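Summary of the model geometry
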Amino acid sequence: MDFRFNFDIDENENSEADTHFLLLGSPKCKQEPVEQSRKTADAGVDSIPRPGAAKHQDEAPKTKHCVKAAKEHIIPGDLNKILENKVMETVLDLYHVKVSVLEMTCSGDADSEGIVSKSVSSHSDLIPGVYEGGLKIWECTFDLMDYFSEAEIQFTNKTVLDLGCGAGLLGIVALKGKAERVHFQDYNSTVIEEITLPNVVANCVNEGISGKDRKTSKPPAKRPKKAEGSPDVLTKCRFFSGEWSEVTQLLLSSNKPFSKYDIILTSETIYNPDYYSALHDTLAQLLDKNGHVYLASKVHYFGVGGGIYLFQKFIEERNVFRTSIIKTIDQGLQRCIMEMAFKDSS
Ligand SMILES: C[S@@+](CC[C@H](N)C(=O)[O-])C[C@H]1O[C@@H](n2cnc3c(N)ncnc32)[C@H](O)[C@@H]1O
């Protein structure tokens, strides 16, 4: 699969994105004098470099940056609404929304962030701080799915987070593996509403698409069958959008009971070193003390700068987690699967 990066957003485009966010009123925009920025930069969890923040604080006397606020997405009562107008295709026996059709049909309220049109018009799969790639299924998702089968990873009765979920296939596999709870997080609310939630419903709700269709992947079902009956599986799920530190705060401060995750799954989320601090702190705050993170990544993201060894070094310097590379995939761009657990876990 060919991916397009766009990390050279010109000033106008960036400010347009910020204005757009302001008009929507969803993300919080903070304006900090440089001294304040420096203070928070030394302060650990709150010092997270936010998507959209200037890379080098010294170059920006005042940093105005938008933080994509966290939101929990309420699952609509009428599940058929979620599948309405969706064209699905299959991969590895899983159904997912066909993005090329979504690109032609999704606008207005359905794409209030404007990320579908921005991604198409900029020919880009990543627009930092605006769109973080969740409309597409990235190849390391499949590496991680293969690894689950090979290593016989058990999800039964586990609490699982699919972090940076995009299509949500990893969380869907965990749901099918009888996880007790699965939460899905993506940066973009459009991704959660137009991709992740429909995929969960199509794959998991009362066989939203019939088991018969599922076995014959040719031709793929274009439209999911109606979701019928009690959507028990959805009572196990929660869906969140927003920047990682904001989602963490929302989960930890919410009135709803929250227990930490036994397993956090995350694929292709370490391409941008600016986000490492936020990602590290999110994992540290949300993982159960005996939990495991399974992270899949390319060895290096050309043009962006991140990669598995850079992230591993970052993690080791923080001295909270132990890491091990448990699989290397050598076809095409080299890719890896890394496992993480707390240093002091049993
Ligand atoms: C390249 S996509 C990968 C999507 C999916 N995991 C896959 O493998 O197909 C990266 C994902 O990480 C999430 N992400 C990246 N940076 C983020 C940030 N700073 N805060 C929250 N989510 C972020 C986005 O939601 C996005 O879906």
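Quick caveat: nothing in here was measured; it's all calculated off a predicted structure. (Residues numbered from 1 in each chain as written. Predicted model: local features only at pLDDT ≥ 70, side-chain atom pairs only at ≥ 80, totals over all residues. Heavy atoms only, no water.)

1. Details of helix H6 (residues 139–151)
An α-helix turns once every 3.6 residues. As a result, residues three or four positions apart point the same way. Taking 1.5 Å per residue as the helical rise, H6 with its 13 residues ought to reach 18 Å, and the 19 Å between its terminal C-alpha atoms agrees with that figure. Within H6 the residues assigned to the buried category are Cys 140, Thr 141, Phe 142, Asp 143, Leu 144, Met 145, Tyr 147 and Phe 148. Positioned one or two residues after H6, Glu 152 has a phi angle of 50 degrees, which is positive. (Helix = DSSP H or I, 4+ residues; strand = E, 2+ residues; numbered from the N terminus. Expected span 1.5 Å × (residues − 1). Buried < 20%, exposed > 50% of the residue type's maximum accessible area, 1.4 Å probe, protein only.)

2. Some points on the environment of Val 299
As for its position among the elements, Val 299 is in the loop between strand S10 (287–298) and helix H12 (308–318). Here Val 299 falls in the buried class, since its relative accessible area comes to 15%. Taking the C-alpha atoms as reference, Val 299 lies 9.5 Å from Tyr 271; in sequence the two are 28 residues apart. Once residues lying within four places of it in the same chain are set aside, the contact partners of Val 299 are Gly 306, Gly 307, Ile 308, Tyr 309, Gln 334, Arg 335 and Cys 336. (Contact = heavy atoms within 4.5 Å.)

3. Some remarks on empty space enclosed by the protein
In total, this model carries three cavities of 30 Å³ or more according to the counting rule given. Empty space within the largest cavity amounts to approximately 360 Å³. Taken together, 27 residues line the largest cavity, and the ones lying closest to its centre are Glu 132, Gly 164, Asp 186, Glu 268 and Thr 269. Listing elements by their share of the lining of the largest cavity, those giving two or more residues are helix H7 (169–176) and strand S7 (181–186). (1 Å grid on protein atoms, 1.4 Å probe; cavity = no way out; pocket = protein on both sides within 12 Å on 5 of 7 lines; lining within 4 Å. Points joined across faces, edges and corners; volume = space filled by probe spheres on them.)

4. Comments concerning the site of the ligand
Taken together, 22 residues surround the ligand, and among them Thr 141, Gly 164, Asp 186, Tyr 187 and Ser 267 come closest. One of the side-chain nitrogen or oxygen atoms of Thr 141 is found 2.7 Å away from an oxygen atom of the ligand. With respect to the ligand, the side chain of Ser 267 contributes an N or O atom lying 2.7 Å from an oxygen atom. Relative to its unbound accessible surface of 580 Å², the ligand loses 99% to contact with the protein. Structurally, the ligand is housed in the largest cavity. In terms of residue class, the shell around the ligand is built from eight nonpolar, nine polar and five charged. (Near = heavy atom within 4 Å. Polar contact = N/O pair within 3.5 Å; in protein donor to acceptor, adjacent residues only side chain to side chain. Areas by Shrake-Rupley, 256 points an atom, 1.4 Å probe, with all protein chains shown as cover. Sits in = over half its atoms within 2 Å of the grid points. Nonpolar A, V, L, I, M, F, W, Y, C, P; charged D, E, K, R; others polar.)

5. Concerning the packing of aromatic side chains
One pair of aromatic rings is described through two measures. These are the centre distance and the angle between the planes. With the rule as written, the count across this model stands at 10 aromatic pairs. With a centroid separation of 5.1 Å and an interplanar angle of 85 degrees, the aromatic rings of Phe 148 and Phe 155 are classed as edge-to-face. One exposure class covers both Phe 148 and Phe 155, and it is buried. Counting every residue linked through ring pairs, the aromatic cluster contains Trp 244, Tyr 271, Tyr 275 and Tyr 301. (Phe/Tyr/Trp six-rings, centres within 6.5 Å; stacked < 30°, edge-to-face > 60°.)

6. Regarding the nonpolar core
Judged by nonpolar contacts, the single largest core of 55 residues is most densely connected at Leu 135 and Phe 155. Those residues in contact with Leu 135 that lie beyond four places of it in its chain are Val 99, Leu 102, Ile 115, Val 116, Val 191 and Ile 195. Counting 32 residues, the second-largest nonpolar core is a separate cluster that includes Trp 138, Leu 161, Leu 163 and Ile 308. (Core = buried A, V, L, I, M, F, W, Y, C linked by side-chain atoms within 4.5 Å.)

7. Points about helix H8 (residues 189–204)
Over its 16 residues, H8 extends 21 Å from the first C-alpha to the last, a length consistent with the 22 Å expected when each residue adds 1.5 Å. The principal kink in H8, of about 30 degrees, is found at Thr 196, preceding the proline Pro 198 by one to four residues. (Bend = angle between axes of the 7 residues up to and from the residue.)

8. A closer look at the layout of surface pockets
Considered as a void within the structure, the second largest pocket measures approximately 670 Å³ in volume. What lines the second largest pocket is a set of 29 residues, among which Asp 109, Ala 110, Thr 190, Glu 193 and Glu 194 lie closest to the centre. Going through the elements one at a time, helix H3 (79–83), helix H4 (99–105) and H8 are the ones with two or more residues in the lining of the second largest pocket. For the lining of the second largest pocket, the leading source of residues is H8, giving five residues.

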